[in-house]
Amino acid sequence: MLARYGITVVVLFIAIGASRASAQIQTYTPPEATAEGTDWTERIVEILPPGVESRAEARSRIAAYTPNPLAYPVPRTSWDGKPDFSGVYWPDATITSPPVPLESLYRLETRDYREAGGGAAGLIDWRGIDTPLFHCWPRSPVEGSMSGTVQLVSAPGYLLMLNEGANNFRIIPIVDENESQPSTSHKPSFQGSSVGHWEGDTLVVEVTNFNGKPWLGPARPPDQLPQTSSDALRIVERWSRPDAQIIEYSVVVEDPKMITARWTGPVERRGIVPYDTVQESLCFPDPELGTRHREFAEAEADKRGESDEAAIEAGSQGVIQ
Amino acid sequence: MSARAMTVIVGAVVIGAAVLVGLRVAVDEKSAIDSNSTRTDSVAMRTQWGEANLAGVWRAEPLGASVGRDTFDLTTLEGLYTPETRVRMTELSAEDDPTMRCAPPAFPRAAMLGHPIQIIQSPGFAFVFTEAYPVFRTIPTTGRPHTAAEYLYPTYMGDSTARWEGDTLVVDVTAFNGEGWLASAQDRPTNTSTGVWLSSDAMHVVERWRRIDADTLEYQARVEDPAMLTLPWETPTVTFERQSGDRIEEVMCRPEDGPATYLARIG
């Protein structure tokens, strides 16, 4: 239970960030469809005015949104004509839940390994209030390592992911499909090595070469152990832009050392917001995080007049389960 | 928000403030689609939209200073500090270098560390990534103004905007948070060096990035800091060589590594 206080802290900060940006955003007005041939950037309007609606409301609306590529044509790059993902997106909304919970696939014999904290054994006191985020790890690779607010950039030969709120980025090389090989030239890492190729208008990214430390999902003491991964983790991501207003993202996860079968994750969607950059936002690890995080979460909950349960519930929103 | 809460924010997970407001950059008229357009284009001297192409993974030799050997003209920089700043610097030590707390070194310091950097360009932007710390710089290349003051948030890497002077990208950087050091503690060009290299939030950096041939990128910066330096400091030109590979390594500054490990890595 307490582990989720930490997530509350993170979610709060992201919410603070979003509200600061809200000052000059107008209430959402549906745009008029414009004539073919005009600049697509002029047709991008915010469907997500941060601060005007809550994160939960924004999620609901994004999840219910019906893509309209006629009104909001998919932007395309000038160099290869493929969908241009460039934009700042917030928040993440689940539009299709996983067919089965990831937890149901964990091998029984991994129990001790998970109990000890997986590839970072002993580092994270997950039965207390500690989480990987407090150690400045990127978010779960199941979430594409994306933070709450993320900027994507399409560039020749690359997709860039720039995170606000978790000081990390991903550089995803895009190659021709017949050249697509898992990268082996890098050191194993938290975010793995990515290589993407196009299948029609979908960017398919294979991510391997993980360092065995990331958690795929949170611990929920006392019942759910950390959803640890191994160096055999392989994730296939599918990125698409159904129209100019949203991106969609889904994953298939393999980790034969941890789970008994390939796991299909949720289909997630994010809405574009009317900015073209994200702010520098750094994570400073602090060895004395634990106590202070709990005190902060409790103080914030008290201020809002919420029960501990409400704070925990709010804090759990940012994590795919 | 209480002071206590602020402490937690600063000391713990510092999540950034607002996304910046800015003009959307219109994609210019569509150019002809090049069937050979993949990363081989990063070696081309020009992007498909006609700018000088700075993209690539680059690395320069480590630069720095010890007595009798100064490869980054830090002797000059040291001489430019005001007397008041010098006094402050004698009261600090290597442990006060913010990189000891996992704060990223800003440019030009980041250019002298000898670690790879990666530049990727998209229409209207250049992005600079460093392997010394997981932080990115977003550099608008259209000559647009700096981020509006009401949204400006002082940062370690500063707020960048750039314009092209011919094929040289001239980047104007302001809004530093005044925490960063201009060089490292082991840089001691003279017998009286403190190894402390303060900067202030008045710092203003003008960088010049220029690709001189297929595999060479030049960097030079002018550092003004009227609160601490009596005159602007011009860095020597740093020569970056192209590296193989399509991206830099992931680097994390993690508490389990300890500051000593981190310092060793960037030293």
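Here, the structure is the one placed above.
Okay, so let's go over this structure.

1. A few points about the overall build of chain A
Per the secondary structure count, chain A includes five helices and 11 strands. With 321 residues in all, chain A has 64% of them scored as buried. In chain A, 64% of the contacts between residues at least 6 apart in sequence involve partners at least 24 apart. With the model as given, the accessible surface of chain A reaches about 12000 Å², and the carbon-plus-sulfur share is 52%.

2. Some details on unusual backbone geometry
Phi is mostly negative for residues that are not glycine, and the peptide bonds are mostly trans. A cis geometry characterises the amide bond from A:Trp90 onward to A:Pro91, with omega recorded as -15°. You can see A:Pro91 is positioned in strand E1 (residues 87-96). Cis rather than trans, the peptide bond between A:Pro221 and A:Pro222 has omega equal to 5°. Relative to the elements of secondary structure, A:Pro222 occurs in the loop between strand E7 (215-217) and strand E8 (227-228). If you check the backbone angles, A:Asn209 has positive phi at about 65° while not being a glycine. Along the chain, A:Asn209 turns up in the loop between strand E6 (202-208) and E7. Given a relative accessible area of 18%, A:Asn209 falls into the buried group. You will see that B:Asp73, though not glycine, has its phi angle at about 55°, which is positive. Mapped onto the elements, B:Asp73 comes out in the loop between strand E3 (69-70) and helix H2 (74-80).

3. Things to note about the sheet that holds strand E10 (residues 246-254) of chain A
Sheets are built from strands paired through backbone hydrogen bonds, the pairs being either parallel or antiparallel. All names here are of chain A. A sheet is described by the order of its strands in space; here nine strands give the open sequence E4-E3-E2-E1-E11-E10-E9-E6-E5, paired in antiparallel fashion. Where the open sheet ends on each side, the last strands, each with one partner, are strand E4 (169-173) and strand E5 (193-199). Direction aside, the axes of adjacent strands within the sheet are offset by 30° on average. Where E1 and strand E11 (residues 263-273) come together, six bridges link them in antiparallel fashion. Within the sheet, the bridge partner assigned to aspartate 92 lies in E11 and is arginine 270. Those strands touched by helix H2 (residues 55-64) are E1 and E11, and its axis lies near 70° from that of E1.

4. Concerning the pattern of salt bridges
All chains considered together, the criterion is met by 22 salt bridges over all chains. Of the charged contacts in the structure, one is a salt bridge between A:Arg234 and A:Glu254, with a shortest N-O distance of 3.1 Å. Residue A:Arg234 is found in strand E9 (residues 234-243), and its partner A:Glu254 is found in strand E10; the two are separated by 20 residues along the sequence. For A:Arg234, a relative accessible area of 27% gives the class partly exposed. A salt bridge links B:Arg163 to B:Glu165; the shortest N-O distance between them is 2.4 Å.

5. With respect to the nonpolar core
Ranked by internal contacts, the top residues of the largest apolar core, which has 53 residues, are B:Leu74, B:Phe107, B:Trp209 and B:Phe240. Secondary structure elements with two or more residues in this core: H2, strand E4 (117-122), strand E5 (125-130), strand E8 (168-174), strand E9 (204-213), strand E10 (216-224) and strand E12 (238-242) of chain B. The biggest single contributor to this core is E10(B), with four residues. In this structure, B:Phe107 is in contact with B:Ile117, B:Val128, B:Thr130, B:Arg137, B:Met157, B:Val205, B:Glu207, B:Trp209 and B:Tyr219, ignoring residues within four places of it in sequence. If you look at the next biggest cluster of nonpolar residues, it comprises 30 residues, including A:Tyr106, A:Met146, A:Leu203 and A:Ile247.

6. Remarks on the environment of A:Asp231
All names here are of chain A. Summarising the element assignment, aspartate 231 is placed in the loop between E8 and E9. A relative accessible area of 48% places aspartate 231 in the partly exposed class. Sequence separation of aspartate 231 and asparagine 68 is 163 residues, and the distance between their C-alpha atoms is 40 Å. Excluding residues that lie within four positions of it along the chain, aspartate 231 makes contacts with Phe210, Gly212 and Lys257.

7. Notes on the packing of aromatic side chains
Summed over the entire model, instances satisfying the criterion amount to 13 aromatic pairs over all chains. Ring geometry for A:Trp137 against A:Phe190: centres 4.9 Å apart, planes inclined by 55°, an arrangement best described as tilted. Here A:Trp137 is found in the loop between helix H3 (111-115) and strand E2 (149-155), whereas its partner A:Phe190 is found in the loop between E4 and E5, with 53 residues between them in sequence. A residue is classified by how much of its surface remains accessible, and A:Trp137, at 3% relative accessible area, is buried. A ring pair is formed by B:Phe107 and B:Tyr219, whose centres lie 5.8 Å apart and whose planes are at 55°; its orientation type is tilted. Within this pair, whereas B:Phe107 is found in the loop between helix H3 (83-90) and E4, its partner B:Tyr219 is found in strand E10, the two being separated by 112 residues in sequence. B:Tyr219 shares its class with B:Phe107; the two are buried.

The rules behind the values
- Residues numbered from 1 in each chain as written.
- Chains lettered and ligands numbered in written order.
- Predicted model: local features only at pLDDT ≥ 70, side-chain atom pairs only at ≥ 80, totals over all residues.
- Heavy atoms only, no water.
- Helix = DSSP H or I, 4+ residues; strand = E, 2+ residues; numbered from the N terminus.
- Buried < 20%, exposed > 50% of the residue type's maximum accessible area, 1.4 Å probe, protein only.
- Contact = heavy atoms within 4.5 Å.
- Areas by Shrake-Rupley, 256 points an atom, 1.4 Å probe, with all protein chains shown as cover.
- Pairing = 2+ DSSP bridges.
- Axes fitted to C-alpha atoms, helices over the stretch in contact; angles between N-to-C directions.
- Salt bridge = Lys/Arg side-chain N within 4 Å of Asp/Glu carboxyl O.
- Core = buried A, V, L, I, M, F, W, Y, C linked by side-chain atoms within 4.5 Å.
- Phe/Tyr/Trp six-rings, centres within 6.5 Å; stacked < 30°, edge-to-face > 60°.

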